[in-house]
Amino acid sequence: MSAAAASPALRPAPRWGGGGGAPSHRRLVEDHLASLPHGLPRLRNLQELHAQLLKQGLHRDTRTASKLIASYALLRRVPACRRVFSAAASGPHAAAATTNTTLLSNTLLRAYALNALPHAALAAFSAMPPRQRDTFTYSSLIKALSAAGAAAPVRAAHAHVAKLGAAEDTFIGNALIDAYSKTGAAPDARKVFDEMPERDVVSWNTAMAAMVRQGEVAGARKMFDEMPEKDTVSWNTMLDGYAKAGEAEEAFELFQTMPERNVVSWSTVVSAYCKKGDMDMARVIFDKMPTKNLVTWTIMVSACAQKGLVEEAGRLFTQMKEASVELDVAAVVSILAACAESGSLALGKRIHRHVRQRKLGRLTLVCNALMDMFCKCGCVNRADYIFDTEIVEKDSVSWNIIIGGFAMHGDGEKALDLFAQMKQQGFCPDAVTLINILSACTHMGLVEEGRRYFANMETDYGIRPQIEHYGCMVDLLGRGGLIEEAVDMIKSMPWEPNEVIWGSLLSACRLHKNVEYAELAVNELSKLQPSNAGNYAVLSNIYAEAGQWSDMAKARVQMKGTGSQKIAGSSWIELDEALHEFTVGDRKHPESDQISEMVDRLSSHVKHVGCVPAGHELIVQ
């Protein structure tokens, strides 16, 4: 096939008759096309319009069908895209011109690309007659294939278009740069860019975005400076690179020189300062923004929640609602994830009430985020209620969250019961599920059961044990007093043990007063964490309990030799949407006297009922 045949110019659509008084078929089609929204449509409105087109027989018009497919694709309604395509492809106008069938097929390919369905895209491409394929066909296919996450399918498509003589097309070159960068083949992306006979601003932007994606901020800036022309996307891409690298000052400096800023530019700089942890500067820029969208509000609310600024996050959330900014699923999940990380339960509860009112509270993604938040904030029973009554369609993530929640809170029996239910309902356990199950066995002291689950992972579930599973087993064996067996397991691992593994062993040695293997663990930890004084502090305590006072003194000297201090333990409690943190000997809290008095009363009461061993005192930590 020649290059011309591979990439034909789009032909004009056929003319439709209809002069005189009655509106023509073409006019009706144009009216319906004009009524489709340009942004993200509402599903109900789109379905109503689709019904009208079906009633009037206009659903077979290829241009109208293409617009419908594109709108359904934005809403992730792939089956609806297929139905619209099938109806239009069999209609009388589909064969009116090659251009029409090409447009229809290309739109379906773009729908598959947008929804990350590479196999469906490849099947649709194969079904297209070669004479109907054009530049947009190949670029859409390449974009879809990048969703497979591997460079090999992209390379195969690249070889195909090169054989047809279309690889030098700028549009296809841009698609290849983007696809290669998304599949981790950065050298291929750069080679395509360097060999392009003609580049447009999209080519430069795509290549620069590829470098940003690889974390090569300096290289991206060099390319940015070399660009013959820049648009807003160019500036925003470079801003994004600085933001992701945590270089907030560089991002702000570039932001100040921008000839034109949009809401993306402002939001990116706000995000950069949030990532850096400079919430004061982030708030200053946020307040100065001429317009704010959902993304901007989500960035600020999530960042405040993540940093433990619960009151500020709550105020921002209230302001967002007052500004009539509606949360979508992505925003809800982002804010809830921040609440889970920081333990901001009050804000998490507000989000829960909000999504219930907005009818989002039964969606799987939202329910999963809610369950994860409640589990990590200590409210596993609330998570269980959502799992039992609110979520409409459970997935493997749902089961993993609730099983992990009960395991984390020490209710291993409930976790194992849910695991049995999960298998009964046809869900296949994955690596995360087995980590949760091993954790449940650890909390219950079920050594034999844990050994059995670990030994049968690959045969029963096709899961090869990873370092996290070995870590769970070391913890399980160590807590059970089987220190030597835990050490043997560490030595048999196919990976180098990390600080988590050795830390678990050290904790077990402290629990069971095992000096020999505590020394081994600390020796290995000193190589991985040379400045962590806490490891020597633990070893010092083990020596003290064993009465080895000279060794304890040496451990203290080694602890001071790290050049750092052991971070004081702290506890916190959330009350009326405010976090209160306490450390040993802390007198900063305005009510510290009353708190200390209450702790003393509790200590006396507990000792009075005989629950505290002699020589132990309750302290505020």
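Residues numbered from 1 in each chain as written. Predicted model: local features only at pLDDT ≥ 70, side-chain atom pairs only at ≥ 80, totals over all residues. Heavy atoms only, no water.

- With an unreviewed UniProt entry as reference, the chain is termed Pentatricopeptide repeat-containing protein, source organism Urochloa decumbens.

Some thoughts on the pattern of salt bridges
Part 1: Evaluated as defined, the whole model comprises 21 salt bridges.
Part 2: A salt bridge links Arg-44 to Glu-48; the nearest nitrogen and oxygen atoms lie 3.5 Å apart. Of this pair, Arg-44 and Glu-48 are both found in helix 3 (residues 43–56), 4 residues apart, which corresponds to roughly one turn of the helix.
Part 3: For Arg-44, a relative accessible area of 63% gives the class exposed.
Part 4: Judged by relative accessible area, Glu-48 falls into the partly exposed class, the value being 40%.
Part 5: For Asp-225, the salt bridge identified is with Arg-221, shortest N-O distance 3.1 Å. Of this pair, Asp-225 and Arg-221 are both found in helix 13 (residues 217–226), 4 residues apart, which corresponds to roughly one turn of the helix.
Part 6: Given a relative accessible area of 48%, Asp-225 falls into the partly exposed group.
Part 7: Arg-221 gets classed as partly exposed once you look at its relative accessible area, which sits at 27%.
Part 8: A cluster of three or more residues bridged by salt bridges with shared partners is formed by Arg-283, Asp-287, Glu-312 and Arg-315. (Salt bridge = Lys/Arg side-chain N within 4 Å of Asp/Glu carboxyl O. Helix = DSSP H or I, 4+ residues; strand = E, 2+ residues; numbered from the N terminus. Buried < 20%, exposed > 50% of the residue type's maximum accessible area, 1.4 Å probe, protein only.)

Focus: helix 26 (residues 431–444)
Part 1: Helix length check: helix 26 (14 residues) gives 20 Å between terminal C-alpha atoms against 20 Å at 1.5 Å per residue, within 8%.
Part 2: For helix 26, the full list of buried residues reads Thr-433, Leu-434, Asn-436, Ile-437, Leu-438, Ala-440, Cys-441 and Thr-442.
Part 3: In the core, the buried residues of helix 26 are packed alongside helix 24 (396–408), helix 25 (412–424), helix 27 (447–455), helix 28 (457–461) and helix 29 (467–479).
Part 4: Within two residues after helix 26, Gly-445 carries a phi angle of roughly 70°, on the positive side. (Expected span 1.5 Å × (residues − 1). Contact = heavy atoms within 4.5 Å.)

A word on the UniProt feature "repeat: PPR" (unreviewed entry) in the chain
Part 1: Here the UniProt feature "repeat: PPR" (unreviewed entry) sits at residues 169–203, 231–265, 293–327 and 395–429.
Part 2: Counted over residues 169–203, helix gives 74% and strand 0%. Its end C-alpha atoms are 11 Å apart. (UniProt positions renumbered as here; feature names shortened; annotations may be inferred.)

A word on the packing of helix 18 (residues 294–306) against helix 19 (residues 310–322)
Part 1: With their axes 8 Å apart at the nearest point, helix 18 and helix 19 run at an angle of 160° to one another. Judged by the angle between their axes, helix 18 and helix 19 are roughly antiparallel. Handedness of the helix 18/helix 19 crossing: left-handed. Facing helix 18, whose interface residues are Trp-297, Met-300, Val-301, Cys-304 and Ala-305, helix 19 presents Glu-312, Ala-313, Leu-316, Phe-317, Gln-319 and Met-320.
Part 2: Residue composition of the contact of helix 18 with helix 19, grouped by class: 9 nonpolar, 1 polar and 1 charged. (Axes fitted to C-alpha atoms, helices over the stretch in contact; angles between N-to-C directions. Parallel < 35°, antiparallel > 145°, perpendicular 65-115°, else oblique. Left-handed = near helix turned anticlockwise from the far one by under 90°. Nonpolar A, V, L, I, M, F, W, Y, C, P; charged D, E, K, R; others polar.)

What to know about a negative patch on the surface
Part 1: Together, Glu-484, Asp-488, Glu-516 and Glu-519 line one region of the surface with negative charge.
Part 2: Residue assignment for the negative patch shows that the elements contributing at least two residues are helix 30 (483–492) and helix 32 (515–528).
Part 3: By relative accessible area, which is 34% here, Glu-519 ends up partly exposed. (Patch = residues over 30% accessible without salt bridge, like charges linked within 9 Å, V, L, I, M, F, W, Y side chains within 5 Å. Areas by Shrake-Rupley, 256 points an atom, 1.4 Å probe, with all protein chains shown as cover. Lys, Arg positive; Asp, Glu negative; His and termini not counted. Charge placed at Lys NZ, Arg CZ, Asp CG, Glu CD.)

Considering the packing of aromatic side chains
Part 1: Taken as a whole, this structure holds 14 aromatic pairs when the rule is applied.
Part 2: Between Phe-252 and Tyr-273, the aromatic rings sit 6.3 Å apart at their centres with planes inclined by 70°, giving edge-to-face as the arrangement. On the criterion of sequence distance, the pair formed by Phe-252 in helix 15 (residues 248–257) and Tyr-273 in helix 16 (residues 263–276) is long-range, its members being 21 residues apart.
Part 3: The exposure class of Tyr-273 is buried, given its relative accessible area of 1%.
Part 4: An angle of 75° between the planes, with centres 5.9 Å apart, marks the rings of Phe-419 and Tyr-453 as edge-to-face. (Phe/Tyr/Trp six-rings, centres within 6.5 Å; stacked < 30°, edge-to-face > 60°.)

Concerning the nonpolar core
If you look at soluble globular proteins, the nonpolar side chains tend to sit buried side by side.
Part 1: Val-270, Met-300, Leu-327, Leu-347, Ile-351, Met-373 and Leu-505 are the most contacted members of the largest nonpolar core, which totals 179 residues.
Part 2: Discounting residues that sit within four places of it in the chain, Val-270 has contacts with Ala-282, Ile-285, Phe-286, Met-289, Ile-299 and Met-300. (Core = buried A, V, L, I, M, F, W, Y, C linked by side-chain atoms within 4.5 Å.)

Observations concerning the environment of Ser-334
Part 1: Within the element layout of this structure, Ser-334 appears in helix 20 (residues 329–342).
Part 2: Among the residues examined, Ser-334 registers a relative accessible area of 31% and is labelled partly exposed.
Part 3: C-alpha of Ser-334 to C-alpha of Ala-369: the two residues are 35 residues apart in sequence and 8.6 Å apart in space.
Part 4: Aside from chain neighbours lying at most four places away, what touches Ser-334 is Thr-298 and Ser-302.

Some remarks on the confidence of the model for the chain
Part 1: Summing up the model confidence of the chain, the mean pLDDT is 83 and the portion of residues at 70 or higher is 85%.
Part 2: Confidence drops under a pLDDT of 50 for residues 613–621, and excluding neighbours within four residues, the segment shows 17 contacts in the predicted structure. (pLDDT = per-residue confidence, 0-100.)

A short note on the layout of surface pockets
Part 1: Taken as a whole, the second largest pocket spans an internal volume of roughly 340 Å³.
Part 2: Taken together, 15 residues make up the lining of the second largest pocket; nearest its centre are Ser-139, Lys-143, Phe-171, Ala-175 and Asp-178.
Part 3: Of all the elements in the fold, those that place two or more residues in the lining of the second largest pocket are helix 6 (98–114), helix 8 (135–145), helix 10 (170–182) and helix 12 (201–213).
Part 4: Residue contributions to the lining of the second largest pocket peak at 5 residues, all from helix 10. (1 Å grid on protein atoms, 1.4 Å probe; cavity = no way out; pocket = protein on both sides within 12 Å on 5 of 7 lines; lining within 4 Å. Points joined across faces, edges and corners; volume = space filled by probe spheres on them.)

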